[in-house]
Amino acid sequence: MTDKFDKERADARPAAAVSKDSGAAVPPEAIKAIPVRHYGRWVSGVVVLALVALLVNAFATAEKIQWHAVGDYVFDSTVLAGAGRTLLISVLAMVMGVVLGVILAVMRLSKNPVTSWVAWIYIWFFRGTPVYVQLLLWFNLALIFPMLNLGPLYKDEMVDVMTPFMAALLGLGLNEAAYMAEICRAGLTAVDEGQTEAAHALGMSHGKTLRRIVIPQAMRVIVPPTGNEFINMLKTSSLVYAVTYNELLRATSTIGSTSYAVMEMLFVACIWYLVITSVFSVGQYYLERRFARGSSRNLPPTPWQKIKANLTAFSRERSSTV
């Protein structure tokens, strides 16, 4: 048995060449690793770049597109005012959607069958009908109810109450509440039930348990899709064009119809939509990173940290070669 083990150990050792003259062991030659060449990647990359170049060239050389008009109107006061209204209606509608969504999520999870079914019917209706249709319903509500009569509190004609701003806010906010209710419900159910049981064992009420135990832990699940919903809200706000609310798309379309630069003004609208959504996308990234601190020990590096690390590595390689 001993001879067998000794033989296996000897075989396991790396073989080394022995010089005949000196008898000293010569280390083996270094292995030259040849990387595998992926020719398909280069071909596909060239094809994609060629298609992009053709597309850019087609728009750049189009004779009927007046590109100077895009630069002239991108900072126009009417366009900037429309972008501000787009941002305003998106923020207010999102706040309404988040507040109502939390309430509806709690109602869905309630043991009271009445509140649970009311919340389910609300979500079923507003998720099952298009936002465009809901905006038109609110805008034309005066056809059914000419007067808004709240008794001694308030009374006025529905036409004066349901302004384009109010129709846009209700149409976007109430629709968003249905989606936020499902997002909040998913976040609340993601928290372990043992957390709620432990809080109740300590004598905490159901409301205090939600505020101090469940909701803070559920935010890690709620925040990422909420950020996506807000980015989507910024783009969906263009549908309020139908209720004559003077937001970004309507402002640019009005200028385009009077200046006969229809496509150019649509490009201006695209530029501002991209700018607004990009800014809030960066904010969403850092907000998600903040709420991920409790679940991940090693957070992924930020884009600035990646750039800094690459610059540091490049400077080290350059100094070593010099």
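Attention in this report is confined to the structure presented alongside it. (Residues numbered from 1 in each chain as written. Predicted model: local features only at pLDDT ≥ 70, side-chain atom pairs only at ≥ 80, totals over all residues. Heavy atoms only, no water.)

1. Comments concerning the overall build of the protein chain
Next up, step 1: For the protein chain, the helix and strand inventory stands at 13 helices and four strands.
Next up, step 2: Residues counted as buried form 27% of the 322 residues belonging to the protein chain.
Next up, step 3: Element-wise, carbon and sulfur atoms account for 65% of the exposed surface of the protein chain, whose accessible area totals about 22000 Å². (Helix = DSSP H or I, 4+ residues; strand = E, 2+ residues; numbered from the N terminus. Buried < 20%, exposed > 50% of the residue type's maximum accessible area, 1.4 Å probe, protein only. Areas by Shrake-Rupley, 256 points an atom, 1.4 Å probe, with all protein chains shown as cover.)

2. Describing helix 2 (residues 39-60)
Next up, step 1: In this model, helix 2 (22 residues) spans 31 Å end to end at C-alpha, consistent with the 32 Å of a helix rising 1.5 Å per residue.
Next up, step 2: With zero of its 22 residues buried, helix 2 lies for the most part at the surface. (Expected span 1.5 Å × (residues − 1).)

3. So, the nonpolar core
General note: in soluble globular proteins, nonpolar side chains tend to be found buried as a group.
Next up, step 1: Val 79, Tyr 122, Leu 172, Val 240, Val 243 and Val 268 are the most contacted members of the largest nonpolar core, which totals 54 residues.
Next up, step 2: At the level of elements, helix 4 (77-108), helix 5 (113-128), helix 6 (131-139), helix 7 (158-161), helix 8 (164-190), helix 10 (206-236), helix 11 (248-259) and helix 12 (262-291) are the ones that each hand at least two residues to this core.
Next up, step 3: No other element matches the 13 residues that helix 8 contributes to this core.
Next up, step 4: With residues near it in sequence (within four places) discarded, Val 240 still touches Leu 135, Ala 168, Leu 172, Tyr 245 and Glu 247. (Core = buried A, V, L, I, M, F, W, Y, C linked by side-chain atoms within 4.5 Å. Contact = heavy atoms within 4.5 Å.)

4. Here we look at the side chain of Ser 116
Next up, step 1: Here Ser 116 is to be found in helix 5.
Next up, step 2: Ser 116 has contacts with Met 107, Arg 108 and Ser 110, leaving out every residue within four places of it along the chain.

5. Quick word on helix 6
For an α-helix, the turn length of 3.6 residues means that residues three or four places apart are oriented alike.
Next up, step 1: Residues of helix 6 that are buried include every one of Val 131, Gln 134 and Leu 135, and no others. The buried residues of helix 6 occupy one face: seen down the axis, they fall within an arc of 100 degrees.
Next up, step 2: Contact partners of the buried residues in helix 6: helix 5, helix 8 and helix 10. (Arc of directions from axis to C-beta.)

6. Focus: the side chain of Ser 238
Next up, step 1: By the element assignment, Ser 238 lies in the loop between helix 10 and helix 11.
Next up, step 2: Sequence-distant contacts of Ser 238, defined by excluding residues within four places in its chain, comprise Glu 247, Leu 249 and Tyr 273.

7. Looking at unusual backbone geometry
Next up, step 1: You will see that Thr 244, though not glycine, has its phi angle at about 60 degrees, which is positive.
Next up, step 2: Tracing the backbone through its elements, the reader meets Thr 244 in the loop between helix 10 and helix 11.
Next up, step 3: Here Thr 244 falls in the partly exposed class, since its relative accessible area comes to 37%.
Next up, step 4: Phi is positive for Tyr 260, which is not a glycine, with a value near 60 degrees.
Next up, step 5: In this fold, Tyr 260 is placed in the loop between helix 11 and helix 12.

8. Focus: the packing of helix 5 against helix 8
Next up, step 1: At a minimum axis distance of 8 Å, the contact between helix 5 and helix 8 shows a crossing angle of 120 degrees. One element, helix 5, and the other, helix 8, form an angle in the oblique class. When you trace helix 5 past helix 8, the crossing you get is left-handed. Counting all contacts with helix 5, which are made through Tyr 122, Ile 123, Phe 126 and Arg 127, the residues of helix 8 involved are Leu 174, Asn 175, Ala 177, Ala 178, Tyr 179, Ala 181 and Glu 182. (Axes fitted to C-alpha atoms, helices over the stretch in contact; angles between N-to-C directions. Parallel < 35°, antiparallel > 145°, perpendicular 65-115°, else oblique. Left-handed = near helix turned anticlockwise from the far one by under 90°.)

9. Here we look at the pattern of salt bridges
Next up, step 1: Tallied over the full model, the rule gives three salt bridges.
Next up, step 2: A salt bridge links Glu 182 to Arg 108; the shortest N-O distance between them is 3.1 Å. Here Arg 108 lies in helix 4 and Glu 182 lies in helix 8, a separation of 74 residues in the sequence.
Next up, step 3: Classification of Glu 182 as buried rests on a relative accessible area of 18%.
Next up, step 4: Accessibility expressed as a relative area gives 21% for Arg 108, which makes it partly exposed.
Next up, step 5: Through salt bridges that share partners, Arg 108, Arg 127, Glu 182 and Arg 185 make up one connected network. (Salt bridge = Lys/Arg side-chain N within 4 Å of Asp/Glu carboxyl O.)

10. Things to note about the packing of aromatic side chains
Next up, step 1: Considering all chains together, one arrives at nine aromatic pairs under this definition.
Next up, step 2: For the ring pair Trp 120 and Trp 124, a centre distance of 6.3 Å and an interplane angle of 5 degrees mean the geometry is stacked. Pair noted here: Trp 120 and Trp 124 are both in helix 5, with a separation of four residues, about one helical turn.
Next up, step 3: Looking at Trp 120, the relative accessible area reads 39%, which means it is partly exposed.
Next up, step 4: With a centroid separation of 4.4 Å and 35 degrees between ring planes, the pair formed by Tyr 122 and Phe 126 is classed as tilted. Pair noted here: Tyr 122 and Phe 126 are both in helix 5, with a separation of four residues, about one helical turn. Comparing Tyr 122 with Phe 126 shows no difference in burial state: the two are buried.
Next up, step 5: In this arrangement the basic side chain of Arg 250 is found over the ring face of Tyr 241, its NZ or CZ atom lying 5.1 Å from the centre. (Phe/Tyr/Trp six-rings, centres within 6.5 Å; stacked < 30°, edge-to-face > 60°. Lys NZ or Arg CZ within 6 Å of the ring centre and 35° of its normal.)

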